[in-house]
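Spelled out, the chains give:
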Amino acid sequence: MPKGSPIITNFTAGEFSPKLDGRTDVSRYFNAAKTLFNMIVYPHGGATRRGGTQFVLETQTSSQKSILIPFEFSTTAAYIIEAGHNYMRFFTDRGNIVAPGGSTPYEISTTINEASLPFLRWAQSSDTMYIVSSEGDMPPAALTRTDHNAWTFADVGFTNSPWNGATVSDFPAVVGFFEQRSVWTGMPSDPQRFFMSRTAGYTDMTTGSLDDDGIDLTIAADQVNAVKWMASMKVLIIGTSGGEWRISSESYTEPISPTNILARRESNVGAADALPVIIGTDILYVARHNRKVRSLGYDLKVEGWTGDNLSIMAEHLTGQFNAGTITGIAFQREPDSILWAVRSDGDLLGLTYNKAQEVIGWHHHETDGEVESIAIIPGSDYDELWAIIKRTDEDNIASRFVEFMRNPDFNEATSAWFVDSGLQYDGNGATIITGLDHLAGSSVAIFADGGHIAQQTVTNGGSITVPNMASVVTVGLPYTSRLQTMRLDAGSTAGTSAQTKIKRVYEAAIRLFRSAGFKFGSSSSQSDTVPMRTSAMAMGFPPDLFTGDKVTVKFPADWDRDGFIWVEQENPLPLTVTAIVPSVETEAM
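Note that this is a predicted model, so its numbers are computed, not measured.

## Things to note about the nonpolar core
Piece 1. Judged by nonpolar contacts, the single largest core of 26 residues is most densely connected at Phe518, Phe520, Val567 and Ile580.
Piece 2. For this core, the elements supplying multiple residues, two or more each, are β3 (32-37), β4 (39-41), β40 (503-515) and β45 (576-586).
Piece 3. In terms of residue count, β40 provides more of this core than any other element does, 4 residues in total.
Piece 4. Listed in part, the 22 residues of the second largest apolar core include Phe90, Tyr106, Ile112 and Leu120.

Shown next as structure tokens:
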């Protein structure tokens, strides 16, 4: 009976669509996975558990929706804004900003109501952010920061405003910056008309013929399509519902002016409402219908802006087969170059993206709740993904929490964080852990001094009791991570495919990096916990995290036509898979 021992070296193609199950002729098939659930793809190739989330604060009015807005004054002064019904709150340094001289959250009043929140669009320069509504029904507003706890929100005070006397539903719907000018467009009555401020005078809209005067430009197109967003590169890229345009001078080397400006269509894909992100020299954006993420970049070969559908290999995650559509995206540069996307059903998607290394790998994430809004800001040692998550307790009462995702990489084993909505006690040895009021009544996972202990239910008073004294205890909602390989195509007679043939994995090795206590097998129901403790390890302490190869001599698998490999982690422990080497025998046909 033919045998084979292929090696699965990486997962850089991410989770593949079921429509690609038979495409073994595609080279990326062998770098893909059938399932990457609560696992992220490293740009290097391995797959690791996503970090858990840390609870920060309940939103001001938990029964109402709110959104997160990033505000980055500098890499060392970055903020998350919680914008809700007629208010804004502010977060930095992994916590909320408190009012001067007190302990209550610092907040300001705004004129933005809950119904308008999904339609907000913004652009920031230095300490000022301009905010508009994509419905065109809100006067442009300015959010200004002068200190951590000193912010103001007011209508923009324009000079020679084109919107003086505008009706309540005919204001700009999109705002941006380009070549030291503010850019305003998308008025419902004239959706393809652009107003640009005077150079270095963002609120001065005075037009004229001088080079630094304001500009009034209307795109001449065969269709009148609403502008969805703007992205400032060497040229100004415009995403409309019917296609993508660029605005520039006649020559890229010259600045735009009232007498030197043109608009040219670059593609006709069409864009959705979600704000785009810029990654290197590419723009990543959500295409019309909210089911695809596309790239757009300048191609010297065609001397124009072109792009690719980055979702084509994983369209089952981005809106097909009853999956939710994409409502927003944000890019996390550090540590692993991941584009995060919120789905309308509350799930979270990740796309590990490194164009130079040809890494395009999607992964799917869930938590015990619904992710409603995300934003990313630079933190002290990695870019932090913040989220508003709607969670429902045992009495079916919904609350909305502001949380951020922890880095899946860690230094000391005790600092690993693989629970959601978690908090950590770090101090003298203790058995009673308090302060878990937001988790009262919930069953929680517990990670204490580098090892996990049995789940407990948080008391109504917000506490748990661990069986032994512990100095570092992380407590939060449990989540499971799963990795399932594609069907194996090895072990058949020479010159033939093993696809559809009856086969059995009789042995398998898995190469790990700083991992502990996981299951390994052919499916969730046919898997065994891989032992980590050796006779040389002291009892009474958690086993050390393991790096190296684990070989399962009696692999839990039956004869079938698939030959899947399954890896699962359900405890609050780390798991990083760098390679899998199965040994498989295949019946001849």
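## Observations concerning the pattern of salt bridges
Piece 1. Considering all chains together, one arrives at 26 salt bridges under this definition.
Piece 2. Residue Arg400 pairs with Glu372 through a salt bridge whose shortest N-O separation is 2.7 Å. With Arg400 in strand β34 (residues 398-405) and Glu372 in strand β32 (residues 370-378), this pair connects stretches of sequence that are 28 residues apart.
Piece 3. Counted as one network, the salt bridges with shared partners bring together Asp21, Lys34, Arg487 and Asp562.

## Considerations on the sheet that holds strand β27 (residues 304-306)
Piece 1. Judged by pairing direction, the sheet is antiparallel, and its 4 strands sit side by side in the order β24-β25-β26-β27 without closing on themselves. Among the strands making up the open sheet, the edge pair consists of β24 (277-279) and β27. Neighbour to neighbour, the strand axes of the sheet diverge by 30 degrees on average, direction disregarded.
Piece 2. Sheet topology places β24 next to strand β25 (residues 282-286); 3 bridges connect them, and they run antiparallel. Pairing of Ile278 across the sheet is with Ile283, part of β25.

## Considering the pairing of strand β38 (residues 464-477)
Piece 1. The pairing of strand β35 (residues 420-433) with β38 spans 8 bridges and is antiparallel. Paired with Ile433 across the two strands is Ile464, which belongs to β38.
Piece 2. Where strand β36 (residues 443-448) and β38 come together, 4 bridges link them in antiparallel fashion. From the neighbouring strand, Ile446 faces β38, where its bridge partner is Val475.

## Some words on the sheet that holds strand β21 (residues 236-240)
Piece 1. With antiparallel pairing, 4 strands are arranged side by side in an open sheet as β20-β21-β22-β23. With one partner strand each, in any of the chains shown, β20 (227-232) and β23 (262-267) form the two edges of the open sheet. Averaged over neighbouring strand pairs, the angle between their axes works out to 25 degrees when direction is ignored.
Piece 2. Where β20 lies against β21, 5 bridges are found, and the strand directions are antiparallel. For Ser232, the partnering residue across the bridge sits in β21 and is Leu236.

## Description of the environment of Asp336
Piece 1. Relative to the helices and strands, Asp336 resides in the loop between β28 (326-332) and β29 (338-343).
Piece 2. For Asp336, a relative accessible area of 5% translates into the label buried.
Piece 3. Separated by 293 residues in sequence, Asp336 and Pro43 have C-alpha atoms that sit 6.4 Å apart.
Piece 4. Residue contacts for Asp336: discarding those within four places in its chain leaves Ile40, Tyr42, Pro43, His44 and Thr352.

## A short note on the environment of Gly270
Piece 1. Locating Gly270 in the fold gives a position in the loop between β23 and β24.
Piece 2. Of the residues examined, Gly270 reaches a relative accessible area of 0% and is grouped as buried.
Piece 3. Expressed as a C-alpha distance, the spacing of Gly270 and Tyr285, which sit 15 residues apart in the sequence, is 9.9 Å.
Piece 4. Apart from residues no more than four positions distant in its own chain, Gly270 is found in contact with Thr240, Ser241, Gly242, Gly243, Glu244, Tyr285, Ala287 and Arg288.

## A few points about unusual backbone geometry
Piece 1. For the bond from Glu334 to Pro335, the omega torsion is 10 degrees, close enough to zero to count as cis.
Piece 2. Checked against the element boundaries, Pro335 lands in the loop between β28 and β29.
Piece 3. Positive phi, close to 65 degrees, is recorded for Asn396, a residue that is not glycine.
Piece 4. Relative to the elements of secondary structure, Asn396 occurs in the loop between β33 (383-392) and β34.

## Topic: the pairing of β29
Put simply, side chains in a regular strand alternate between the two faces of the sheet.
Piece 1. For β29, the buried fraction is high: 6 of the 6 residues fall into the buried class.
Piece 2. Judged from the 6 bridges that link them, β28 and β29 form a sheet pairing that is antiparallel. In the sheet register, Ile326 faces β29, and the bridge partner there is Arg343.
Piece 3. In the sheet, β29 pairs with strand β30 (residues 348-354) via 5 bridges, with the strands oriented antiparallel. If you follow Val342 over to β30, its bridge partner there is Leu348.
Piece 4. A loop of 4 residues connects β29 with β30, the two strands running antiparallel in sequence, and Gly346 in this loop sits at a positive phi of about 95 degrees.

## Considerations on a nonpolar patch on the surface
Piece 1. Together, Tyr252, Tyr298 and Leu300 line one region of the surface with nonpolar side chains, adding up to about 340 Å² of accessible area.
Piece 2. Along the polypeptide, Tyr252 turns up in the loop between β22 (243-248) and β23.

## Here's the deal with the side chain of Lys501
Piece 1. In this structure, Lys501 sits in the loop between β39 (481-485) and β40.
Piece 2. No salt bridge is formed by the buried Lys501. Its closest oppositely charged neighbour is Asp489, at 7.8 Å.

## What to know about the packing of aromatic side chains
Piece 1. Scanning the model with the defined rule gives 20 aromatic pairs in all.
Piece 2. With a centroid separation of 5.2 Å and an interplanar angle of 75 degrees, the aromatic rings of Tyr29 and Phe30 are classed as edge-to-face.
Piece 3. Its relative accessible area of 40% is what places Phe30 among the partly exposed residues.
Piece 4. Taking the centre distance of 5.8 Å and the plane angle of 80 degrees together, the rings of Trp163 and Phe195 count as edge-to-face. Here Trp163, found in the loop between β15 (150-155) and β16 (174-178), pairs with Phe195, found in strand β18 (residues 190-196); they are 32 residues apart in sequence, far enough to count as distant.
Piece 5. Overall, Trp163 belongs to the buried group, its relative accessible area being 6%.

Reading guide: rules and limits
Residues numbered from 1 in each chain as written. Predicted model: local features only at pLDDT ≥ 70, side-chain atom pairs only at ≥ 80, totals over all residues. Heavy atoms only, no water. Core = buried A, V, L, I, M, F, W, Y, C linked by side-chain atoms within 4.5 Å. Buried < 20%, exposed > 50% of the residue type's maximum accessible area, 1.4 Å probe, protein only. Helix = DSSP H or I, 4+ residues; strand = E, 2+ residues; numbered from the N terminus. Salt bridge = Lys/Arg side-chain N within 4 Å of Asp/Glu carboxyl O. Pairing = 2+ DSSP bridges. Axes fitted to C-alpha atoms, helices over the stretch in contact; angles between N-to-C directions. Contact = heavy atoms within 4.5 Å. Patch = residues over 30% accessible without salt bridge, like charges linked within 9 Å, V, L, I, M, F, W, Y side chains within 5 Å. Areas by Shrake-Rupley, 256 points an atom, 1.4 Å probe, with all protein chains shown as cover. Lys, Arg positive; Asp, Glu negative; His and termini not counted. Phe/Tyr/Trp six-rings, centres within 6.5 Å; stacked < 30°, edge-to-face > 60°.

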